[in-house]
Amino acid sequence: MVGANGQPLSGVSVGPAPSADGGQCNTVYDDTDADGRFALRIMRMHRPMGSSDSVSLWIRAAVRPVPPEVNSTIIDRTLVRVGVASIGGVPSPVVATIVLPVE
C-alpha cells in the first residue's frame, strides 16, 4: 500500500470485497504494517459450480478516518487472480499494490 508519492502507508484497512466471478469468501481484514505491507488468508471460498482452480477477487483498501466515527473517503480496490488450494494445500502467494491518493 503506497501513497501518491510512492510512500508506504501504515494502518490502512485491507480486505476482500465480493468475488468478481460470483464467489464469496470469508477472512478477516488486516491493517498494513509500517512498510505498507499486508497479508490476507482466505479460509473459505464459496464459488459457482464448475469453477476453475483460481478465482478473481477485489482487494479493498480504506484509510481509517480520524475521528473514527466518520466514514472513510479514501477508498480504492484492485482486482487480483488467486489460486485455490484444497484443504491442507498451500496456494502460491499473490502480490498486489494499491496506490491511494494520500500525500
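Here, every reference points to the structure presented above.
Residues numbered from 1 in each chain as written. Predicted model: local features only at pLDDT ≥ 70, side-chain atom pairs only at ≥ 80, totals over all residues. Heavy atoms only, no water.

(A) Summary view of the pairing of strand E5 (residues 54-63). In terms of burial, E5 is a largely internal element, seven of the 10 residues being buried. Examined bridge by bridge, strand E1 (residues 12-16) and E5 share five bridges and lie antiparallel to one another. Across the sheet, residue Val14 finds its bridge partner in E5, namely Ala61. Both E5 and strand E6 (residues 75-83) contribute to a ladder of nine bridges, which runs antiparallel. Within E6, the position partnered with Leu57 by the bridge is Val80. (Buried < 20%, exposed > 50% of the residue type's maximum accessible area, 1.4 Å probe, protein only. Helix = DSSP H or I, 4+ residues; strand = E, 2+ residues; numbered from the N terminus. Pairing = 2+ DSSP bridges.)

(B) Spatial organisation of the pattern of salt bridges. In the structure shown here, the tally under the stated rule is one salt bridge. In this structure, Asp31 engages Arg64 in a salt bridge whose closest nitrogen and oxygen atoms are separated by 2.7 Å. Here Asp31 is found in strand E3 (residues 30-31), whereas its partner Arg64 is found in the loop between E5 and E6, with 33 residues between them in sequence. You can call Asp31 partly exposed: its relative accessible area is 36%. (Salt bridge = Lys/Arg side-chain N within 4 Å of Asp/Glu carboxyl O.)

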